[in-house]
Amino acid sequence: MKALFRSIYELIGSPQPPADTPVYRDVVFPNIGLLNLGISLALVVIFYYVINRAMGVATFNKGRHWAIFLVLNALIAFGVAIGQAHAQQVTDHSYIYWLATWNAILGIFWFFIFSLILRKGSTNASTTPF
Amino acid sequence: MRYLTSFSRLWPALGLSLALLPGCYSRSDMKTEAGTATGTPTAVPPAEVPAAVSPNTATPTEAANSTQPLQAVNVFLEVSGSMEGFMPKTGASGENTKFQQHVAQFLSEVNRTATVRQKAFYRIKEKPYEDSYQGISSTVRSGIQQPAKSTDIPSVLDTLMSNYYQPGTVSVLISDFIYSPKNAGAIPYIKTDITDALSRSGSHPELGVSVYGYTSDFRGTYYPALKAAGKKTNCCDTEIPYYIWVLGPADAVRRFDAALLEQQPAKQAHFGVTYLRPHYSLLNKFQNKGSWYYGDAGASKQTADAYRVVAVSEASAQQPVEFVVGIDLSRLPGQYRDVAYLKQNLKLQGVDTDATLLDVMAATDQTKASSGPESKFTHFAKVRLTRQPKAARPLVLRLQDQRPAWVAQWTTKNDATPASKTFALSSLLDGLAPSQEGGARQIFELPLTLQPGE
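1. As for the overall build of chain B
On a plain count of helices and strands, chain B comes out with 14 helices and 20 strands. Buried residues in chain B amount to 36% of all 454 residues. Taking all contacts inside chain B whose residues are at least 6 apart in sequence as the whole, residues at least 24 apart take part in 78%.

Below, the structure written as structure tokens:
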């Protein structure tokens, strides 16, 4: 699991400064990776199953509504990465923000994938975004 | 009804996301996993557990031993005629010599110390005469009553080794160590005489000797080792050296030195005394350069006491890797804490690497006040390398035992003219270190590992 997240997050280069490499590999990457997957899944579930099925809301199923959740997911992913990095007391470095940006992009990607898989189960938004 | 059933279908999805959320790693979780294998992730990180005691500070038996006081100390004060000048009768104006000041205080410290259970004091003439603390102290203060004609260093050492060498016991010999062989032909054999004297009563592989050198003003008759030169009365304008030798099992000598002799400024040399390996660790955020990180298992926990593995991700001549090893030498004698000595004798040895020791530094106020791990160390060794290791390779920092420079400076071949030198001192000390020939002894060895970054 650690190796998987490491390979995903080191696509943007090795952690900086190098001294913090073990902390990123052993703690930060798995943490933000799992949180990112979980939060993306949760937002997809809320959009398709809670709002557009269980609650039966009929006016929140357009592509722009879906985009609101997509952006929300990206912002959360960005914040989670920065929060996790600081929680592990890594040295301040611009790398933290590159990592957070990459995490936000990955969040968008996961949200999109989960949307494709789970949208069929929704009653009101089974064709959102397309 | 429809509302309920549809909502219940969401349970698996919600449950999955809930299960994913807390399944995160944190340092504290990993520590419990590693330690107890319970591995239950908790939302609230448990309180930091104090770092485990380093295995290098002391093995359990050594730790138990060092809390026990030493069995006994026997202090021997030489009272031959040549010592009279150090202990003149108090003058009218009440002035005394540095020797009187220092030795009286040292004797008092020995008498009071809690490091040793039994203390005994002796005057050395042709053989040791037992004395009390008061008796020996007043001899130092007010002069020798009946000076011995002369004392022969090898026979004194022989006596100490055969009668007073016991486990947990040290002998302390205070003397000017002016050794005059019976004739000039014996001078080249001083070293052998000393070695023989130490081993006449059987070999003592554990024997350790610490030599502390001092100088003092001298008022009296000076007897040079070379008798042909004749004695000098009303000596001297220069200061004359005297010595405190500590003999005994290496472990006892080390502890006696640390308790009673390390506090005072003195020249020192140590023979056969062994020391525990000092605490040391790599420092990844102290003057580090280049692309490397702790390669130790669990390096991310930050609670480990010490790190020993350098993982080099990238190194080249343009982008060299520099790392610093913090070493705590506070338990070693002053001689080995001296930065000049360390710069000369701390050696780096590696396999298949171009790593070199760049510099050795002592702690500064800044490092001591730091919140980082560097505050725990008294010295720092900086290493540079420009080639990435191909596989895990050992890298060792060694401190070699080198005869300190002062011994040569304090040695003279002809002491007819009184000076701050002692006749054949280096030959005397050679006799203490017969087994060191062919390869310098090591004071400590600090193994590290170099490996490529993954």
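Following the structure, the description resumes.
2. As for the overall build of chain A
Looking only at helices and strands, chain A has 4 helices and 0 strands in total. Taking the principal axes of the C-alpha coordinates as reference, chain A spans close to 50 × 25 × 20 Å. Relative to its 130 residues, chain A shows a buried fraction of 48%. Counting only contacts in chain A whose residues sit at least 6 apart along the sequence, the fraction spanning at least 24 positions is 77%.

3. Looking at the packing of helix H7 (residues 153-164) of chain B against helix H8 (residues 190-199) of chain B
Residues and elements named next belong to chain B. Direction vectors running N to C along H7 and H8 enclose 20°, while the axes themselves pass 7 Å from each other. With respect to H8, the axis of H7 lies roughly parallel. Where H7 crosses over H8, the handedness of that crossing is right-handed. Packed against H7, whose contacting residues are Pro154, Leu157, Asp158 and Met161, the element H8 presents Asp193, Ile194, Ala197 and Leu198 at the interface.

4. A word on the nonpolar core
Val75(B), Val170(B), Val172(B), Tyr179(B) and Val246(B) are the most contacted members of the largest nonpolar core, which has 69 residues in total. Residues contacting Val75(B), with those up to four places away along its chain left out, are Leu107(B), Val110(B), Phe121(B), Tyr122(B) and Val172(B).

5. Examining the sheet that holds strand E10 (residues 279-283) of chain B
Residues and elements named next belong to chain B. The strand order E10-E13-E16-E15 describes an open sheet built from 4 strands, whose pairing is antiparallel. Looking at strand neighbours, the two that pair on one side only are E10 and strand E15 (356-362), the edges of this open sheet. When strand polarity is set aside, the average angle formed by the axes of neighbouring strands in this sheet is 20°. As paired strands, strand E13 (residues 321-328) and strand E16 (residues 379-385) are joined by 7 bridges and run antiparallel to one another. When the bridges of E16 are listed, Glu322 appears paired with Arg384.

6. What to know about the UniProt feature "transmembrane region" (unreviewed entry) in chain A
Residue and element names in this part refer to chain A. Here the UniProt-annotated "transmembrane region" (unreviewed entry) positions come out as residues 32-51, 63-83 and 95-118. The distance from the first to the last C-alpha atom of residues 32-51 is 26 Å, and the span holds 100% helix and 0% strand. With 100% helix and 0% strand, residues 63-83 has end C-alpha atoms that lie 30 Å from one another.

7. Comments concerning the packing of helix H2 (residues 21-54) of chain A against helix H3 (residues 63-87) of chain A
Residue and element names in this part refer to chain A. In contact at an axis separation of 10 Å, H2 and H3 are set at 160° when each is read in the N-to-C sense. In this view, H2 runs roughly antiparallel relative to H3, as classed from their interaxial angle. Considering only the axes of H2 and H3, their crossing is right-handed. Of the residues in H3, those touching H2 at Val28, Asn31, Ile32, Leu35, Asn36, Ile39, Ser40, Leu43 and Phe47 are Trp66, Phe69, Leu72, Asn73, Ile76, Ala77, Val80, Ala81, Gln84 and Ala85.

8. With respect to the pairing of strand E2 (residues 116-124) of chain B
Residues and elements named next belong to chain B. Pairing between strand E1 (residues 70-78) and E2: 8 bridges, direction parallel. Across the sheet, the residue bridging to Val73 is Lys119, located in E2. For E2 and strand E3 (residues 128-131), the ladder comprises 4 bridges, and the chain directions are antiparallel. Pairing of Arg123 across the sheet is with Tyr129, part of E3. Linking E2 to E3, which pair antiparallel, is a turn of 3 residues.

9. Points about unusual backbone geometry
Backbone torsion omega between Gln16(A) and Pro17(A) reads -15°, so that peptide bond is classified as cis. With respect to the helices, strands and loops of the structure, Pro17(A) is situated in the loop between helix H1 (2-9) and H2. The phi dihedral of Gln89(A) is positive, around 55°, even though this residue is not glycine. The topology assignment puts Gln89(A) in the loop between H3 and helix H4 (95-118). Of note, the phi angle at Ala424(B) is positive, near 55°, even though the residue is not glycine. When you line up the elements, Ala424(B) lands in the loop between strand E19 (422-423) and helix H14 (425-432). The buried category is assigned to Ala424(B), around which 23 C-beta atoms lie within 10 Å.

10. Thoughts on the domain arrangement of chain B
Residues and elements named next belong to chain B. Domain boundaries in chain B define domain 1 (70-274) and domain 2 (279-402 + 442-452). Look at where the C-alpha atoms of domain 1 and domain 2 centre, and you get two points 40 Å apart. Contacts between the two partners involve 5 residues from domain 1 and, on the opposite side, 4 residues from domain 2. In the side of domain 1 that touches domain 2, the residues fall into 1 nonpolar, 2 polar and 2 charged.

Parameters at a glance
Residues numbered from 1 in each chain as written. Chains lettered and ligands numbered in written order. Predicted model: local features only at pLDDT ≥ 70, side-chain atom pairs only at ≥ 80, totals over all residues. Helix = DSSP H or I, 4+ residues; strand = E, 2+ residues; numbered from the N terminus. Buried ≥ 20, exposed ≤ 12 C-beta atoms within 10 Å, placed from the backbone. Contact = placed C-beta atoms within 7 Å. Axes fitted to C-alpha atoms, helices over the stretch in contact; angles between N-to-C directions. Parallel < 35°, antiparallel > 145°, perpendicular 65-115°, else oblique. Left-handed = near helix turned anticlockwise from the far one by under 90°. Core = buried A, V, L, I, M, F, W, Y, C linked by C-beta atoms within 7 Å. Pairing = 2+ DSSP bridges. UniProt positions renumbered as here; feature names shortened; annotations may be inferred. Domains from an automatic or database assignment. Nonpolar A, V, L, I, M, F, W, Y, C, P; charged D, E, K, R; others polar.

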